[in-house]
Amino acid sequence: MSREALIVAHGQPSAPVPPELWLMGFAEAVRKHLPDWTIRAATLAMPEALEREAAALPPNAPVFPMFMADGWFVGKVLPRRLNGAEVTILPPLGFDPNLPGFAAQLVKDALTARGWALSESRLLLAAHGSAKGPKAAESANAFEAALAAQLPDLPISVGFVEEAPFVEEAARDLPPQTLCLPFFALEGDHCREDIPEALTKAAFSGDLLPPLGTWPQVAQMVAQSLKDAA
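Sequence order as written defines the numbering, with residues in each chain counted from 1. pLDDT decides what is reported in this predicted model: residues at 70 or higher carry local features, side-chain atom pairs at 80 or more are listed and counted, and totals for whole chains, interfaces and linings draw on all residues regardless. With hydrogens and water excluded, all non-hydrogen atoms of the structure serve as input to the side-chain values.

1. Overview of a nonpolar patch on the surface
At step 1: Side chains of Val17, Leu21 and Met24 sit close together on the surface and give an oily, nonpolar patch of about 290 Å² of accessible area.
At step 2: Put simply, DSSP marks the helices as runs of H or I at least four residues long and the strands as runs of E at least two long, and each gets a number from the N terminus on. Residue position: Met24 is located in helix α1 (residues 17–31). The patches reported here contain residues having more than 30% relative accessible area and no salt bridge. Joining distances are 9 Å for like charges and 5 Å for nonpolar side chains (Val, Leu, Ile, Met, Phe, Trp, Tyr). Note on areas: these come from Shrake-Rupley sampling with a 1.4 Å probe, and a residue is covered only by the protein chains present in the view. Only one rule defines a salt bridge in this text: a Lys or Arg side-chain nitrogen within 4 Å of an Asp or Glu carboxyl oxygen.

Set out below in structure tokens:
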């Protein structure tokens, strides 16, 4: 039986096209794991895209938010922009129950590829945070706790782009055998510019990984979440 789903991300209002195209490619990667499904995609930043895709969904279709926090955009903006469509909004990426185990394996693989022992390494989560409310930091800290349970021998620190402790502060004095994992769904300006600049200012000598949501394996995880929801 054919099913449909919609994947939604924030996008980038100043340049909406590149994130929209990336999300469409991500949706196609998810569909490869769900060959009988139609996987739609839209960012909030692309005018009318979300409304158009939501209107085409059948009743009770799952909507997967590619967001790390269950904050204002997921709780307020997304339902309003869906215009009353009869859909099921799933937990956002940052709260997906499979994410900590998935991320733990990614970190282990990254350490192994570098020949770094788990107990002799460090991990820095670089997250968004927000000066406007606690939801973003709460999400990152909850994920850090869940990830620490999966990796008890790996010390983990958290730094934020928009609130204390800032990434620069959290990265200062970390050893060279440290991985920095951006706790972001897509690769926007924060990941391309702000985090690398903060790491440079901190004289960080470890390795910066791609944002968590952009790893190729995430498509399989999202596909499983959509399948479970159905």
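2. Some points on the packing of helix α4 (residues 99–114) against helix α5 (residues 135–150)
At step 1: Convention adopted: a line fitted to C-alpha atoms gives each axis, helices being fitted over their contacting stretch, and angles between N-to-C directions are expressed from 0 to 180 degrees. Following both chains from N to C, one finds α4 and α5 inclined at 60°, their axes separated by 9 Å at the closest point. Taken as axis vectors, α4 and α5 run oblique relative to one another. Taken as a pair, α4 and α5 cross one another with a handedness that is right-handed. Where α4 abuts α5, its residues Leu99, Pro100, Gly101, Ala103 and Ala104 lie against Phe143, Ala146, Leu147 and Gln150.
At step 2: Looking at the contact of α4 with α5 residue by residue, the classes come out as seven nonpolar, two polar and no charged. Working rule for angles: under 35 degrees goes down as roughly parallel, over 145 as roughly antiparallel, 65 to 115 as roughly perpendicular, anything else as oblique. Left-handed describes a crossing whose near helix is turned anticlockwise from the far helix by less than a right angle; the clockwise case is right-handed. Residues count as neighbours in contact if any of their non-hydrogen atoms are within 4.5 Å of one another. Note on residue classes: Ala, Val, Leu, Ile, Met, Phe, Trp, Tyr, Cys and Pro are nonpolar, Asp, Glu, Lys and Arg are charged, and everything else, Gly too, is polar.

3. What about the sheet that holds strand β3 (residues 61–66)?
At step 1: Across the sheet, which stays open at both edges, the four strands sit in the order β2-β1-β3-β4 with parallel pairing between neighbours. Each edge of the open sheet carries a strand with a single partner, namely β2 (37–43) and β4 (87–89). If you compare each strand with its neighbour and ignore which way they point, the axes differ by 25° on average.
At step 2: Two strands pair when backbone bridges link them, and strand β1 (residues 3–9) and β2 are joined in this way by seven bridges, in the parallel orientation. Looking across to β2, one finds that Ile7 is bridged to Ala41.
At step 3: Sheet contacts for helix α3 (residues 72–81): β1, β3 and β4; angle to β3, the most-contacted strand, approximately 130°. A strand pair is defined by DSSP finding two or more bridges across the two strands.

4. Considering the packing of α1 against helix α8 (residues 218–229)
At step 1: Between α1 and α8, the least distance of the axes is 8 Å, while the angle of their chain directions is 65°. Classified by the interaxial angle, the pair formed by α1 and α8 is roughly perpendicular. When the axes of α1 and α8 are compared, the crossing they make is right-handed. Listed contacts from α8 to Phe26, Ala29 and Val30 of α1 are Val218, Ala219, Val222, Ala223 and Leu226.
At step 2: For the contact of α1 with α8, a count of residues per class yields eight nonpolar, no polar and no charged.

5. Some points on the pairing of β3
At step 1: Only protein chains enter the accessibility calculation, which uses a 1.4 Å probe; a residue whose area is less than 20% of its type maximum is buried, one above 50% is exposed, and one in between is partly exposed. For β3, the buried fraction is high: six of the six residues fall into the buried class.
At step 2: Burial along β3 is two-sided: Ala61, Val63 and Pro65 and Pro62, Phe64 and Met66, pointing in opposite directions, are all buried.
At step 3: In this structure, β1 lies alongside β3, joined through four bridges in parallel fashion. Of the residues in β3, the one forming a bridge with Ile7 is Phe64.
At step 4: Relative to β4, β3 is paired through three bridges, and the arrangement is parallel. Bridge pairing in β4 links Val63 to Ile89.
At step 5: Classification remark: right-handed applies to a crossover when, strands pointing away from the viewer, the course from the first strand over the helix to the second runs clockwise. Crossover β3 to β4 through α3 is right-handed.

6. Observations concerning the layout of surface pockets
At step 1: As defined here, a cavity is a set of points on a 1 Å grid over the protein atoms alone where a 1.4 Å probe fits but cannot get out. A pocket is an open set with protein on both sides within 12 Å along at least five of seven lines, and residues line them when an atom is within 4 Å of a point. Grid points are joined across faces, edges and corners, and a volume is the space filled by probe spheres set on the points. What the largest pocket holds in volume is close to 1,200 Å³.
At step 2: For the lining of the largest pocket, the secondary structure elements donating two or more residues are α1, α3, α5 and α7 (189–201).
At step 3: Among the elements that make up the lining of the largest pocket, the one with the highest residue count is α7 (four residues).
At step 4: Classifying every residue of the lining of the largest pocket by side-chain character gives 21 nonpolar, 12 polar and six charged.

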